[in-house]
Amino acid sequence: MKLDKDSRKLSKQLFQASFTDGKLDEGKVRIIAKKIADSKPRNFVGILKDFQRQVRLDVEKHHAVIESAQPLDDAMSKQVVDGLKAKYGPSISSEFKVTPDLIGGLRIKIGSDVFDSSVRSRLDRLETNLLHA
Amino acid sequence: MSSILQELESQISGLKTTTSKSNVGIVREIGDGVARIEGLSDVMLNELIEFPGGLYGLALNLEESEVGCILLGDEKEVIEGTEVKTTGRLLSVPVGKGLLGRVVDTLGAPVDGKGPITSSAIYPVEKIAPGIIKRKSVSQPVQTGIMAIDAMIPIGRGQRELIIGDRATGKTTIAIDTIINQARINKANEGKEGFRPLYSIYVGIGQKNSNIARSLAVLEAAGAMPYTIIVTAPASDTATNQYLAPFSGAAMGEWFMDNGMDALIVYDDLSKHAVAYRQVSLLLKRPSGREAYPGDVFYLHSRLLERSARVNEQNGNGSVTALPIIETQAGDVSAYIPTNVISITDGQIYLETDLFYQGIRPAVSVGLSVSRVGSAAQIKGMKQVAGKIKGDLAQFRELAAFAQFGSDLDAKTKGMLDRGARIVELFKQVQYNPLATEVQVATLWAMQNAYFDDVPVDKVKDFQLKLQEYLTTRKDAVLAKIRDKGAIDDDITADLKSAVGDFKSSYR
């Protein structure tokens with residue numbers, strides 16, 4: 001559904017108001033969402049959806065998804081998270097996933113950056129190189 | 001076998017890099033050849049975006065949290081949630097002499113079924129035009145082989161000359177004639193020292209496939225394909241491909257210019273190109289302006305046509321000449337896109353429907369056609385014989401309008417009218433039959449020296465054709481002299497006098 005200009009502007013203002021010291025404030029986000037749901041301004045569903053999208057994009061920017069073919073041991077997990085914190089700042093949250101499809105290696109996604117050392121991606125690249133070279 | 005093993009090994013070793021970093025995004029919306037992508041935080045304007053399955057897109061709109069991207073292929077495989085990534089590359093096409101004789105699509109892929117193209121280099125499709133320092137003024141002619149144009153509206157190498165007119169007035173024919181003439185000249189002078197061949201590129205934008213096939217057949221029959229590249233984005237192609245096709249053609253032309261050669265590029269036609277760009281812009285939700293064209297439609301054509309240039313000796317001395325074509329509606333040259341392109345180009349050849357149906361073909365309107373480069377792009381011989389013709393013809397048109405009302409005319413006026421009527425006849429020319437410059441010069445010399453004056457107007461064409469045949473078959477030495485010297489001196493004048501005099505005495 002397309003959001004009209006005023007609603008988009010409002011949701012943007014609300015999103016900008018959800019920050020404390022440059023960081024998204026969960027408490028503020030909750031309050032704002034509740035207020036919108038309660039006061040029901042015009043097109044409030046659209047506004048909430050857009051607000052949620054902006055919050056989601058911001059959360060994704062500071063959230064790392066670490067995928068591996070097999071579960072990582074604690075030492076390895078800690079090393080990976082420390083490495084990410086060194087690069088992206090200490091506020092990074094992380095999540096581990098087991099994806100057997102990767103075959104081997106790691107795939108880390110944080111915001112729109114992807115670090116890929118999986119066997120799957122290498123095979124994919126090989127396939128592309130052989131097919132389109 | 002060993003070479004394929006080595007190749008595989010090198011490719012596998014190339015993959016040994018430990019981790020690859022990429023910037024990805026997720027497709028949120030897809031349709032009509034346009035994708036809206038969330039993410040792609042590092043994307044650059046005009047960057048190629050890689051979709052799964054070897055499909056690419058071009059990032060055209062960079063917004064706060066989304067990227068508007070046009071797809072360069074079939075969108076069937078792309079669904080919402082598809083992951084795409086940036087490539088750090090610009091859209092490029094293969095360039096070089098390997099493309100000559102081929103028909104390619106917007107991305108430089110062959111569509112003529114003649115196998116893969118061997119190209120030595122790739123060039124970015126969007127490139128900034130050469131600056132002032134690199135340029136040189138236009139001084140060498142492009143011989144179109146069409147007498148009306150070569151005599152009155154000369155085109156030079158590096159010039160941008162617009163061909164404008166209503167539908168079915170012979171715009172494409174002029175372009176095709178010019179390409180055929182270049183091939184003839186190239187073939188005749190191949191290997192001669194100091195000769196600079198002119199390679200042609202024909203870009204068909206939004207044309208019917210049947211039209212492209214017809215042009216191709218004509219070029220093949222005339223033996224012009226070995227010197228020609230055809231870039232085609234037919235009407236059935238996506239708006240994206242139609243929008244990018246002229247830029248691809250310009251990139252192919254620039255390779256010739258950068259390597260010290262000359263190229264001629266025909267954009268057929270830029271009206272349809274503007275329409276394709278309007279479609280892309282509207283789908284990308286860019287604000288629309290006059291006639292729903294986006295605000296940058298002028299820049300679209302100016303940046304394309306600015307890439308035609310003549311560069312100086314330090315930069316290879318090459319050139320790209322552009323012949324953009326614009327189709328007008330009911331002869332309205334003051335519409336939005338025609339005025340834009342008229343103001344960008346260095347002159348225009350205006351074709352009139354009325355003249356076309358009066359049988360004056362090519363239907364060049366002398367009054368409205370102009371070449372701003374002027375006689376700097378004419379050989380001396382042509383300047384000597386054609387210098388006054390445009391003026392004579394303009395006067396004829398003016399007098400002819402008056403003469404319709406009065407019956408009594410003084411001898412001078414009558415002389416002018418007679419001369420004008422004969423010049424009009426002289427400039428009629430059948431399609432796909434370009435004339436060599438020396439033949440044009442000799443014919444115009446005969447006209448200037450009153451050899452046509454006592455030929456009845458309805459016999460002028462016959463007289464001219466027979467004279468041309470006589471000169472080419474019997475008096476080739478005179479033509480060769482004109483060709484070699486490039487000017488008419490006393491010696492050639494004497495030869496012409498005797499040749500044309502002999503012919504006239506035997507003509508019946």
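Since the structure is predicted, the reported quantities are computational estimates derived from the model, not experimental observations.

A. Geometry of the environment of Pro110 of chain B. With respect to the element layout, Pro110 of chain B can be found in the loop between strand S8 (103-104) and strand S9 (121-124). As for Pro110 of chain B and Met44 of chain B, which are separated by 66 residues in sequence, their C-alpha atoms are 29 Å apart.

B. Up close: the pairing of strand S13 (residues 198-205) of chain B. All names here are of chain B. Summarising burial for S13: 8 of the 8 residues are buried, a large majority. Of the two faces of S13, the one lined by Leu198, Ser200, Tyr202 and Gly204 and the one lined by Tyr199, Ile201, Val203 and Ile205 are each fully buried. Pairing of S13 with strand S14 (residues 228-233) involves 6 bridges; the strand directions are parallel. The residue of S14 that forms the bridge with Gly204 is Thr232.

C. Region of interest: empty space enclosed by the protein. All names here are of chain B. Using the criterion set out here, one finds 3 cavities of 30 Å³ or more in the structure. In terms of lining residues, the largest cavity is bounded by Ala148, Met152, Ile360, Pro362, Val364, Val366, Leu393, Arg397, Val424 and Phe427. For the lining of the largest cavity, the elements supplying multiple residues, two or more each, are helix H2 (147-152) and helix H11 (389-403). Here the lining of the largest cavity is composed, by residue class, of 9 nonpolar, no polar and 1 charged.

D. How the structure looks around the environment of Pro338 of chain B. Residue and element names in this part refer to chain B. Mapping Pro338 onto the fold places it in helix H8 (residues 336-344). Taking C-alpha positions, Pro338 is 22 Å from Ala148, a pair spaced 190 residues apart along the chain. Excluding anything up to four places from it in sequence, Pro338 contacts Ile164, Ile326, Thr328, Asp332 and Val333.

E. Spatial organisation of the interface of chain A and chain B. The partner chain B presents 25 residues to the 21 residues of chain A that form the contact. For the pair chain A and chain B, the interface holds 5 salt bridges. Between Arg107 of chain A and Glu83 of chain B there is a salt bridge, and its shortest N-O distance comes to 2.6 Å. In this assembly, chain A and chain B are joined by 10 residue pairs in polar contact (both at pLDDT 80 or more). Put simply, the parts of the chain that give the side of chain A that touches chain B at least two residues each are helix H3 (44-61), strand S5 (106-110), strand S6 (113-116) and helix H5 (119-132) of chain A.

F. Fine view of the sheet that holds strand S16 (residues 319-327) of chain B. Residue and element names in this part refer to chain B. Ordered by their spatial adjacency, 8 strands build an open sheet running S8-S14-S13-S15-S16-S12-S17-S18, and the pairing between neighbours is mixed. Looking along the sheet, the strands with just one partner apiece sit at the ends: S8 and strand S18 (370-371). Taken strand by strand, helix H6 (residues 270-283) contacts S13, strand S15 (262-268) and S16, and its axis lies near 80° from that of S16.

G. Fine view of the nonpolar core. Residue and element names in this part refer to chain B. Judged by nonpolar contacts, the single largest core of 137 residues is most densely connected at Met152, Ile229, Met252, Tyr267, Ile349, Phe427 and Leu444. Considering each element in turn, this core owes the most residues, 11 residues, to helix H5 (residues 239-258). Ranked by size, the runner-up nonpolar core spans 14 residues in total, among them Ile49, Phe51, Leu71 and Val84.

About the cut-offs
- Along each chain, the written sequence defines residue order, and numbers are assigned to residues from 1.
- Labels follow written order: the first chain is A, the first ligand is 1, and so on.
- Only residues with pLDDT of 70 or above have their local features reported here, since the model is predicted, and side-chain atom pairs are shown and tallied only from 80 upward, although totals for entire chains, interfaces and linings are computed over all residues.
- To obtain the side-chain values, all non-hydrogen atoms of the structure were used and water was disregarded.
- Segments assigned H or I by DSSP are reported as helices when at least four residues long, segments assigned E as strands when at least two residues long, and all are numbered from the N terminus.
- For the exposure calls, accessible area comes from a 1.4 Å probe over protein chains only, and a residue counts as buried if that area is under 20% of its type's maximum, exposed if over 50%, partly exposed in between.
- Two strands are counted as paired when DSSP detects at least two bridges linking them.
- Method remark: on a 1 Å grid restricted to protein atoms, a set of points is classed as a cavity if a 1.4 Å probe fits but cannot get out and as a pocket if it is open with protein on both sides within 12 Å along at least five of seven lines; lining residues have an atom within 4 Å of a point.
- Grid points are joined across faces, edges and corners, and a volume is the space filled by probe spheres set on the points.
- Gly is placed with the polar residues, together with every amino acid not listed as nonpolar (Ala, Val, Leu, Ile, Met, Phe, Trp, Tyr, Cys and Pro) or charged (Asp, Glu, Lys and Arg).
- Throughout, a contact is declared for two residues whenever any of their heavy atoms are within 4.5 Å.
- Here a salt bridge means any side-chain nitrogen of Lys or Arg lying within 4 Å of a carboxyl oxygen belonging to Asp or Glu.
- Side-chain atoms alone can form a polar contact between residues adjacent in sequence; in general such a contact is a pair of N or O atoms within 3.5 Å, and within protein one must be able to donate a hydrogen while the other accepts it.
- Fitting a line to C-alpha atoms yields each axis, with helices limited to the stretch in contact; the angle taken between N-to-C directions then spans 0 to 180 degrees.
- Residue types Ala, Val, Leu, Ile, Met, Phe, Trp, Tyr and Cys, when buried and joined through side-chain atoms within 4.5 Å, form a set referred to as a nonpolar core.

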